[in-house]
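A closer look at the structure
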Amino acid sequence: MTIETKYNIGDEVWVKTYSGNVYCNRITGIHIKQDGPIVYSLLNFADRTEDELFPTKEELLKSL
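Everything in this summary refers to the structure shown in the same document. (Residues numbered from 1 in each chain as written. Predicted model: local features only at pLDDT ≥ 70, side-chain atom pairs only at ≥ 80, totals over all residues. Heavy atoms only, no water.)

**A short note on the overall build of the chain**
Using the following cut-off: Put simply, DSSP H or I for four residues or longer makes a helix, DSSP E for two residues or longer makes a strand, and each gets a number counted from the N terminus. Only C-alpha atoms enter the radius of gyration, while the globule expectation follows 2.2 Å times N to the 0.38, with N the number of residues. Burial classification: accessible surface area is computed with a 1.4 Å probe over protein chains only, and a residue below 20% of its type maximum counts as buried, one above 50% as exposed, and the rest as partly exposed. Contacts are assigned to residue pairs with any non-hydrogen atoms lying within 4.5 Å of each other. Per-residue and other accessible areas follow the Shrake-Rupley method at a 1.4 Å probe size, with only the shown protein chains counted as cover for residues.
From N to C terminus, the chain includes one helix and five strands. Taken from N to C terminus, the helices and strands of the chain fall in the order β-β-β-β-β-α. For 64 residues, the compact-globule formula gives about 11 Å, and the C-alpha radius of gyration of the chain, at 12 Å, lands near that figure. For the chain, the C-alpha atoms occupy an extent of roughly 35 × 25 × 20 Å along the three principal directions. Within the chain, the fraction of its 64 residues that count as buried is 27%. The contacts of the chain with a sequence gap of at least 6 include a subset with a gap of at least 24, amounting to 36%. Surface accessibility of the chain: about 4,500 Å² in total, with carbon and sulfur atoms responsible for 49%.

**Brief notes about the packing of aromatic side chains**
For clarity, the cut-off: When two rings of Phe, Tyr or Trp (its six-membered ring) have centres within 6.5 Å they constitute a pair, described as stacked for plane angles under 30 degrees, edge-to-face for angles over 60, and tilted for the intermediate range.
Throughout the structure, instances matching the rule amount to two aromatic pairs. Relative to Tyr-40, the ring of Tyr-7 has its centre 5.7 Å away and its plane inclined at 75°; by these criteria the two rings are edge-to-face. Of this pair, Tyr-7 sits in the segment before strand S1 (12-16) while Tyr-40 sits in strand S3 (residues 38-42), and the two are 33 residues apart along the sequence. Taken individually, Tyr-7 and Tyr-40 each receive the classification buried, so the pair is uniform in this respect.

**A closer look at the pairing of strand S4 (residues 45-49)**
Where we set the bar: Two strands form a pair only when DSSP identifies at least two bridges running between them.
Summarising the sheet, S3 and S4 pair through three bridges and their orientation is antiparallel. Bridge pairing links Val-39 to Thr-49 in S4. Counted along the chain from S3 to the antiparallel partner S4, the turn is two residues long, and its residue Asn-44 has a positive phi close to 65°.

**Quick look at the sheet that holds S1**
Paired through their backbone hydrogen bonds, the strands of a sheet run either parallel or antiparallel. Pairing in this open sheet of five strands is antiparallel, and the strands run S4-S3-S2-S1-S5 from one edge to the other. The open sheet terminates on both sides in strands that have one partner only, identified here as S4 and strand S5 (53-54).

**A short note on the nonpolar core**
Test applied: In this description, a nonpolar core means a group of buried Ala, Val, Leu, Ile, Met, Phe, Trp, Tyr and Cys residues linked to one another through side-chain atoms lying within 4.5 Å.
By size, the foremost hydrophobic cluster in this structure holds eight residues: Tyr-7, Val-13, Val-15, Ile-27, Ile-38, Tyr-40, Leu-42 and Leu-53. Residue assignment for this core shows that the elements contributing at least two residues are S1 and S3. When residues of this core are assigned to their parent elements, the largest contribution, three residues, is made by S3. When near neighbours in sequence (up to four residues on either side) are disregarded, Tyr-7 contacts Val-13, Ile-27, Ile-30, Tyr-40, Glu-50, Leu-53, Phe-54 and Pro-55.

The structure is reproduced here in structure tokens:
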């Protein structure tokens, strides 16, 4: 079985915090559950799902 993820461990991604700030951060882990979304662990941030992460700051800002 092959599981495709949008991001890999070590990738830098852009994320909006729950308070509304925008940061660039690094993926430190990937959690895959049988019937749930793919969840990424970030350095010094709470875990986030794939739809909460963006490859560039511009894409994150367009999503707002």
